[in-house]
Amino acid sequence: MFNSPIRPPRPTLTGPIFLYALADVFGLSCVAIGGSWFAGGKGAIFTGFPTSTAEAVACTLGGAAVMFWAMGKILREIAKQTPAMQARYDAYIAAHHPDKVRPKAPESSEN
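A brief look at the structure comes next. Here the structure is a predicted model, which means the values were calculated and not measured. (Residues numbered from 1 in each chain as written. Predicted model: local features only at pLDDT ≥ 70, side-chain atom pairs only at ≥ 80, totals over all residues. Heavy atoms only, no water.)

A count of helical and extended segments in the protein gives three helices and zero strands. Counting from the amino terminus, the protein carries its helices and strands in the arrangement α-α-α. For the protein, buried positions account for 20% of its 111 residues. Counted over contacts in the protein with a minimum sequence separation of 6, partners at least 24 positions apart contribute 61%. (Helix = DSSP H or I, 4+ residues; strand = E, 2+ residues; numbered from the N terminus. Buried < 20%, exposed > 50% of the residue type's maximum accessible area, 1.4 Å probe, protein only. Contact = heavy atoms within 4.5 Å.)

Structure below.
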């Protein structure tokens, strides 16, 4: 199902990507908790937190920082899969769309 031959290849979920995704969800939760205070004037998700503007701002900004950090790490991990993804994509195109196969780049010879 995950490696369906009729769909273009997708990145592989690895352990680090999964852990960074969990950190991203934590950051999103922090943004939601802090933002709920701005929307309702009190903690809408947790009744006792945040209790002040400073806590709400710190929670929101901290959550946004964690989200951006995790997003950068996820993109970096996916970029490591580029050579394998390109090879799988070329094989997919050759099998399903032979008219759109890219010509191979000529290898340069150093003399």
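Turning to helix α3 (residues 82-96), a few remarks are in order. Residues three or four positions apart in an α-helix share a direction because the helix packs 3.6 residues into each turn. The terminal C-alpha atoms of α3 lie 21 Å apart, and with 15 residues this matches the ideal 21 Å at 1.5 Å per residue to within 8%. Within α3, the full set of buried residues consists of Met85, Tyr92 and Ile93. Axial view of α3: buried residues confined to an arc of 95°, hence all on one face. Turned more than 90 degrees from where α3 packs its buried face, Pro83 and Ala95 sit exposed. (Expected span 1.5 Å × (residues − 1). Arc of directions from axis to C-beta.)

In this section: the packing of aromatic side chains. The relation between two aromatic rings is expressed through the spacing of the ring centres and the mutual angle of the planes. Applying the stated criterion across every chain yields a total of two aromatic pairs. Note on Tyr20 and Trp69: the rings are 5.5 Å apart at their centroids and 85° apart in plane angle, and the pair reads as edge-to-face. Here Tyr20 is found in helix α1 (residues 15-40), whereas its partner Trp69 is found in helix α2 (residues 53-79), with 49 residues between them in sequence. Ring geometry for Trp37 against Phe38: centres 5.6 Å apart, planes inclined by 85°, an arrangement best described as edge-to-face. By relative accessible area, Trp37 is classed as buried at 15%. (Phe/Tyr/Trp six-rings, centres within 6.5 Å; stacked < 30°, edge-to-face > 60°.)

With that settled, consider the packing of α1 against α2. In contact at an axis separation of 7 Å, α1 and α2 are set at 155° when each is read in the N-to-C sense. Between α1 and α2, the angle falls in the class roughly antiparallel. α1 and α2 meet at a crossing whose hand is left-handed. Among the residues making up the contact of α1 with α2, the classes are represented as 22 nonpolar, six polar and three charged. (Axes fitted to C-alpha atoms, helices over the stretch in contact; angles between N-to-C directions. Parallel < 35°, antiparallel > 145°, perpendicular 65-115°, else oblique. Left-handed = near helix turned anticlockwise from the far one by under 90°. Nonpolar A, V, L, I, M, F, W, Y, C, P; charged D, E, K, R; others polar.)

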